[in-house]
Amino acid sequence: MCQREEYRRAAEFIRGRINLQPSIGLVLGSGLGALADTLARRTVLPYADIPGWPQSTVVGHHGNLVIGELEGQVVAAQQGRAHFYEGYTPQQVTFPIRVMKELGIHSLILTNAAGGVNPSYRVGDLMLLEDHINLPGLAGANPLMGPNDDQLGERFVGLAQAYDRALRLRALEVARERNIPLHSGVYFGLSGPAFETPAEIRMIRALGGDTVGMSTVHEVLVARHAGMRVMACSGVTNVAIDTVESDLETNHLEVLEAAEIIAPRLTAILKGVLRNFPT
Ligand code: HPA
């Protein structure tokens, strides 16, 4: 079966279980999935039930696709995602994005838990992605590798405007209205699963990264390939350690605890963007 047929099969399975037409996709990262539980008229589809859908093995990722209404929009929300470090290929990691496109979704909002690399960032801060550096992608671990299916998108994808300007401006406006501090910056995407060494953090900072994480960039590539509009936001769950003199060590529990602080603010921004979604 060609890949396009697999995306269609998953989309048909989903369509057969909902009577809403979703137009916006949400990807809710580590510890940020609870928003999906608040959708009105919602249908919850466990990833395990959807043909071909990759499952997340990570604590803090629920593993459901939730379709329902939020702020006047019909959304399809991923509660958790699969990662490259779990052993999935970049193509498998981005399977859900292809299925969302097949479902008729035109815009994608991604969230991630990330380490703060910019020295001014603190735990609990939010950063809107204005750009990214995709280290694995540049080195060949890229979901667009291999034969291009012209029906899905163009061979060579422009990424100068990967993160939709109108959506970014709207998010900044919402943040200002609600007094929520919101940085704009560059997300540095890595494979993980180990956290970075202090020398790597200094390298990432020197190269222009403001936050660092293990997700998002592959999904953005595929969404842009599919012609979707993209917005993405990092929640800073920990301040990246940049010296071997530190006695601290980054850990996943810390990431999940901070996500609890981040979730309400991030939710307020997402809801504000959805309520007044720029056309
Ligand atoms: N590094 C990489 N990924 C992360 C981090 C980090 O410090 N925090 C949350 N996800």
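Residues numbered from 1 in each chain as written. Predicted model: local features only at pLDDT ≥ 70, side-chain atom pairs only at ≥ 80, totals over all residues. Heavy atoms only, no water.

## Description of the overall build of the protein chain
Spelled out, the test is: Put simply, DSSP marks the helices as runs of H or I at least four residues long and the strands as runs of E at least two long, and each gets a number from the N terminus on. Here the globule rule reads 2.2 Å times residues to the power 0.38, and the radius of gyration is calculated from C-alpha atoms. Only protein chains enter the accessibility calculation, which uses a 1.4 Å probe; a residue is then buried when its area is under 20% of its type maximum, exposed when over 50%, and partly exposed in between. Contacts are assigned to residue pairs that have any heavy atoms within 4.5 Å of one another. Surface accessibility follows the Shrake-Rupley procedure with a 1.4 Å probe radius. Residue values consider only the protein chains on display as shielding. We score Asp and Glu as negative and Lys and Arg as positive, and we do not count His or the chain ends. Charge positions come from single atoms, namely NZ of Lys, CZ of Arg, CG of Asp or CD of Glu.
Helices and strands together make up the secondary structure of the protein chain, namely 8 helices and 9 strands. Relative to the 2.2 N^0.38 estimate, which gives 19 Å for 279 residues, the radius of gyration of the protein chain is 18 Å and therefore close to what a compact globule would have. With 279 residues in all, the protein chain has 56% of them scored as buried. The long-range fraction of contacts in the protein chain, counting pairs at least 24 apart against all pairs at least 6 apart in sequence, stands at 82%. Carbon and sulfur atoms provide 51% of the accessible area of the protein chain, an area that totals close to 12100 Å². A distance of 8 Å separates the average location of the 24 positive side-chain charges in the protein chain from that of its 29 negative side-chain charges.

## Remarks on the site of the ligand
Applied cut-off: By convention in this text, a residue qualifies as near a molecule or strand provided that one of its non-hydrogen atoms is within 4 Å of it. Identification of polar contacts relies on pairs of N or O atoms within 3.5 Å, with a donor-acceptor requirement for protein atoms, meaning one able to donate a hydrogen and the other able to accept it, and with residues adjacent in sequence counted only if both atoms are side-chain atoms. Only Asp, Glu, Lys and Arg are considered charged, only Ala, Val, Leu, Ile, Met, Phe, Trp, Tyr, Cys and Pro nonpolar, and every remaining residue, Gly among them, polar.
Around the ligand, the neighbouring residues are Ala113, Ala114, Gly115, Phe195, Glu196, Val212, Gly213, Met214, Thr237, Asn238 and Val255. With respect to the ligand, the backbone of Ala113 contributes an N or O atom lying 3.3 Å from a nitrogen atom. With respect to the ligand, the backbone of Gly115 contributes an N or O atom lying 3.3 Å from a nitrogen atom. Elements represented by at least two residues in the shell around the ligand include exactly strand E5 (107-116), strand E8 (211-213) and strand E9 (229-239). Among the elements that take part in the shell around the ligand, E5 stands out by supplying 3 residues, more than any other. Its residues assigned to classes, the shell around the ligand shows 6 nonpolar, 4 polar and 1 charged.

## Describing the packing of aromatic side chains
Definition in use: Stacked, tilted and edge-to-face are the three classes assigned to paired rings of Phe, Tyr and Trp, where Trp is represented by its six-membered ring and a pair needs centres within 6.5 Å; plane angles under 30 degrees give stacked, over 60 edge-to-face, the rest tilted.
Under the defined criterion, the tally for this structure stands at 3 aromatic pairs. Consider the rings of Trp53 and Phe95, whose centres lie 6.4 Å apart with planes at 85°: the pair is edge-to-face. Of this pair, Trp53 sits in the loop between strand E2 (40-46) and strand E3 (64-70) while Phe95 sits in helix H3 (residues 95-102); the two residues are 42 residues apart in sequence, bridging distant segments of the chain. Site record: aromatic cluster; members linked through ring pairs are Tyr7, Tyr47, Trp53 and Phe95.

## Here we look at the pattern of salt bridges
Rules: One speaks of a salt bridge when a side-chain nitrogen belonging to Lys or Arg is within 4 Å of a carboxyl oxygen belonging to Asp or Glu.
Counted according to the given criterion, the structure contains 8 salt bridges. For Arg8, the salt bridge is made with Glu102, and the minimal N-O distance between the two is 3.3 Å. Placement of Arg8 in helix H1 (residues 3-15) and of Glu102 in helix H3 is noted, with a sequence separation of 94 residues between them. Taking relative accessible area as the criterion, Arg8 reaches 33% and is therefore assigned partly exposed.

## A closer look at the nonpolar core
Using the following cut-off: Definition used in this section: a nonpolar core is a set of buried Ala, Val, Leu, Ile, Met, Phe, Trp, Tyr and Cys residues joined via side-chain atoms within 4.5 Å.
Core analysis: the biggest nonpolar cluster contains 43 residues, and Ile14 and Leu65 have the highest contact counts within it. For this core, the secondary structure elements donating two or more residues are H1, E3, strand E4 (73-79), H3, E5, strand E6 (126-134), helix H7 (217-225) and E9. Other than its neighbours up to four places away in sequence, Ile14 contacts Leu45, Ile50, Trp53, Leu65, Ile67, Val99 and Leu103. In this structure, Leu128, Ala171, Val174 and Ile262 belong to the second largest nonpolar core, which totals 31 residues.

## A few points about the pairing of E4
Spelled out, the test is: Being paired, for any two strands, means DSSP has found at least two bridges between them.
Along E4, 7 of the 7 residues are buried, which leaves the element largely enclosed by surrounding structure. Because side chains alternate across E4, one face comprises the buried residues Gln73, Val75, Ala77 and Gln79, and the other comprises Val74, Ala76 and Gln78, equally buried. Bridge count for strand E1 (residues 24-28) against E4 is 5 bridges, and the pairing is parallel. Following the sheet pairing, Ile24 is matched in E4 by Val75.

## Description of the environment of Asn179
With respect to the helices, strands and loops of the structure, Asn179 is situated in the loop between helix H5 (165-177) and strand E7 (182-189). Since its relative accessible area comes to 71%, Asn179 is described here as exposed.

## A short note on the side chain of Thr237
Following the sequence through the fold, Thr237 ends up in strand E9. A distance of 2.9 Å separates polar atoms of two side chains, one belonging to Thr237 and the other to Asn238. In this structure, Thr237 is in contact with Ala113, Ala114, Val123, Glu254, Val255, Ala258, Ala259 and Ile262, ignoring residues within four places of it in sequence.

## What about the packing of H5 against helix H8 (residues 252-275)?
Note the threshold: Under this scheme, a helix contributes an axis fitted over its contacting stretch, all axes are lines through C-alpha atoms, and angles between N-to-C directions fall in the 0 to 180 degree range. Throughout this description, any angle smaller than 35 degrees is read as roughly parallel, any larger than 145 degrees as roughly antiparallel, any in the 65 to 115 degree range as roughly perpendicular, and the remainder as oblique. What makes a crossing left-handed is the near helix being turned counterclockwise from the far one by less than a right angle; a clockwise turn instead makes it right-handed.
Axis separation between H5 and H8 bottoms out at 9 Å; the angle between their running directions is 120°. Looking at the two axes, H5 sits oblique to H8. Viewed along their axes, H5 and H8 form a crossing whose handedness is right-handed. Only Ala268, Ile269, Gly272 and Val273 of H8 make contact with H5, whose side of the interface consists of Leu167, Arg170, Ala171, Val174 and Ala175. The class makeup of the residues in the contact of H5 with H8 is 7 nonpolar, 1 polar and 1 charged.

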